[in-house]
Amino acid sequence: MTTKRSRSPKTIQTDQVYQLKITLQEIDPPVWRRLLVPSHVTLGELNFILQAAMGWTNSHLHQFTIDEVDYSDPQFELDDAEDEFAVTLAEVATSEGMRFQMLYDFGDSWEHEITVEKILPSESGKRYPVCVAGKRACPPDDCGGICGYEDFLEAIRDPKHEEHDSMLEWIGGAFDPEAFDVEKLNKRLAKNIKEFSSWR
């Protein structure tokens, strides 16, 4: 399911930036990203940032949960979910060390833990958001969740596996679960934020 929204994260100078660590749950070794994000972005804009930074396609439902309150895109019409475009990161994540969750794809159920590692002053001349560190490639969308991803990796690693060829064809020829390049990610982050945010 895709949605469109005209708003996009404002890559401008801001008084504070949040250093966030996003960790995909139940995958070992872990898949994670460390981001610097302006404090004034809305949760809806933060979704665009996380989608691009992790490597998802933003083609499924998602929902943030913070202090037992759910936030999502109102177009999803999720029961009891607040409008994620009506609150900023600074309004709902008020202190260092705070943790909250984001669920992406209610079928595959990709759970992300988001930790506010630091709240920092912005650096003069620096543009945000930006990824400063991370590890490992994000699983492909629509691979079937944790179990499906494990089956996918098993198939592509074993040339004798009955689904080896079909899985490689599905993923476009190759997939390296250890791959991570922060420079390439930041180029994709800048491009994809604009693309995702133009969908609505």
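Bear in mind the structure is a predicted one, so any value in this text is a computation, not a measurement.

Caption draft 1: Main features of the pairing of strand β6 (residues 99-104). Side chains Phe100, Met102 and Tyr104 project from β6 onto a buried face, and the interleaved Arg99, Gln101 and Leu103 project onto a face without burial. Of the pairings in the sheet, the one linking strand β3 (residues 62-66) to β6 comprises four bridges and is antiparallel in character. Bridging from a neighbouring strand, histidine 62 pairs with tyrosine 104 of β6. As judged from the six bridges shared by β6 and strand β7 (residues 110-121), these two strands associate in the antiparallel manner. Paired with tyrosine 104 across the strands is tryptophan 110, a residue of β7. What sits between β6 and β7 in their antiparallel hairpin is a turn of five residues, with aspartate 105 showing a positive phi close to 70°.

Caption draft 2: Spatial organisation of helix α1 (residues 43-54). Over its twelve residues, α1 extends 16 Å from the first C-alpha to the last, a length consistent with the 16 Å expected when each residue adds 1.5 Å. Where α1 is concerned, the buried positions are Leu43, Gly44, Glu45, Leu46, Asn47, Phe48, Ile49, Leu50, Gln51, Ala52, Ala53 and Met54. Positive phi shows up at glycine 55, right after α1, with a value of about 110°.

What counts, and where the lines are drawn
Going along each chain's sequence as written, the residues are numbered from 1 onward. Per-residue local features are limited, in this predicted model, to residues with pLDDT of at least 70; the limit for side-chain atom pairs, both in listing and counting, is 80 or more; totals at the level of whole chains, interfaces and linings are taken over all residues. Values reported for side chains reflect all heavy atoms of the structure, with hydrogen atoms and water molecules removed beforehand. Burial classification: accessible surface area is computed with a 1.4 Å probe over protein chains only, and a residue below 20% of its type maximum counts as buried, one above 50% as exposed, and the rest as partly exposed. The numbering of helices and of strands both runs from the N terminus, where a helix is a DSSP run of H or I of at least 4 residues and a strand a run of E of at least 2. The pairing criterion for strands is at least two bridges between them, as found by DSSP. For a helix, the expected span equals 1.5 Å multiplied by the number of residues minus one.

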